[in-house]
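Topology and contacts: notes
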Amino acid sequence: QVQLVESGGGLVQAGGSLRLSCAASGRTFSSYAMGWFRQAPGKEREFVAVISRSGGSTNYGNSVKGRFTISRDNAKNTVYLQMNSLKPEDTAVYYCAAGSSWYLRTPQDFGSWGQGTQVTVSS
């Protein structure tokens, strides 16, 4: 099991940027694919991005392609989500999660989760 702690959320105006971080502890960080999900009030948890164990492969949800970038630093046990050109519809609690493969897209496929960090984008 790996423990995950997100940080970096906050309030930003539309068009602005934020970078989220997720620090991991416990079992070897580099043995996990890492994902970001988000959940807005009254909505299901939505896939945002995933990155492979080495960081060489990534994939994104359609709503964030071209605006968000996922990356990781295995030496620092940290995964990042750079969010640019933010829109009010990006407002949600953002969660990082650890999984077994970067092919995974659904929350049920990820076994470890952080507590989430709130991102609010004002118009």
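Residues numbered from 1 in each chain as written. Predicted model: local features only at pLDDT ≥ 70, side-chain atom pairs only at ≥ 80, totals over all residues. Heavy atoms only, no water.

Here we take up the pattern of salt bridges. Counting across every chain of the model gives 3 salt bridges. Among the salt bridges present, the one from Arg-38 reaches Asp-90, with a minimum N-O distance of 2.8 Å. In this pair, Arg-38 sits in strand S4 (residues 33-39) while Asp-90 sits in the loop between strand S8 (78-83) and strand S9 (92-99), placing the two residues 52 residues apart along the sequence. Comparing Arg-38 with Asp-90 shows no difference in burial state: the two are buried. Between Asp-90 and Arg-67 there is a salt bridge, with its nearest N and O atoms 2.7 Å apart. Residue Asp-90 is found in the loop between S8 and S9, and its partner Arg-67 is found in the loop between strand S6 (58-60) and strand S7 (68-73); the two are separated by 23 residues along the sequence. Both residues of the pair, Asp-90 and Arg-67, count as buried. Each of the salt bridges in this network shares a partner with another, and the network as a whole consists of Arg-38, Glu-46, Arg-67 and Asp-90. (Salt bridge = Lys/Arg side-chain N within 4 Å of Asp/Glu carboxyl O. Helix = DSSP H or I, 4+ residues; strand = E, 2+ residues; numbered from the N terminus. Buried < 20%, exposed > 50% of the residue type's maximum accessible area, 1.4 Å probe, protein only.)

Tallied over the entire structure, the rule returns 6 aromatic pairs. Their ring planes at 80 degrees and their centres at 6.3 Å tell us that Tyr-95 and Trp-113 sit as a pair that is edge-to-face. Linking Tyr-95 in strand S9 with Trp-113 in strand S10 (residues 110-113), this pair joins segments that are 18 residues apart in sequence. Seen from their ring centres, Phe-110 and Trp-113 are 6.4 Å apart, and the 65 degrees between their planes marks the pair as edge-to-face. With a relative accessible area of 4%, Phe-110 lands in the buried category. Cluster of aromatic residues (ring-pair linked, three or more members): Phe-37, Phe-47, Tyr-95, Phe-110 and Trp-113. Between Arg-45 and the ring centre of Tyr-95, over which it is positioned, the NZ or CZ distance is 3.9 Å. Note that Arg-72 overlies the ring of Phe-29, its terminal NZ or CZ placed 4.4 Å from the centroid. (Phe/Tyr/Trp six-rings, centres within 6.5 Å; stacked < 30°, edge-to-face > 60°. Lys NZ or Arg CZ within 6 Å of the ring centre and 35° of its normal.)

One way to say it: the disulfide is the covalent bond shared by the sulfur atoms of two cysteines. Applying the stated criterion across every chain, the model contains 1 disulfide. Residue pairing for Cys-22: its cysteine sulfur links by disulfide to Cys-96, the two sulfurs lying 1.9 Å apart. The sign of the 45 degrees torsion about the S-S bond sets the Cys-22-Cys-96 disulfide as right-handed. Residue Cys-22 is found in strand S3 (residues 18-26), and its partner Cys-96 is found in strand S9; the two are separated by 74 residues along the sequence. By the burial criterion, Cys-22 is buried, and Cys-96 matches it. (Disulfide = S-S within 2.5 Å.)

Let us now look at the nonpolar core. Ranked by internal contacts, the top residues of the largest apolar core, which has 29 residues, are Met-34, Trp-36, Leu-81, Met-83 and Tyr-94. Contributing elements (two or more residues each) for this core: strand S1 (2-7), S3, S4, strand S5 (46-51), S7, S8, S9 and strand S11 (117-122). Sequence-distant contacts of Tyr-94, defined by excluding residues within four places in its chain, comprise Glu-6, Leu-20, Trp-36, Phe-37, Arg-38, Val-48, Phe-68, Leu-81, Met-83, Gly-116, Thr-117 and Val-119. (Core = buried A, V, L, I, M, F, W, Y, C linked by side-chain atoms within 4.5 Å. Contact = heavy atoms within 4.5 Å.)

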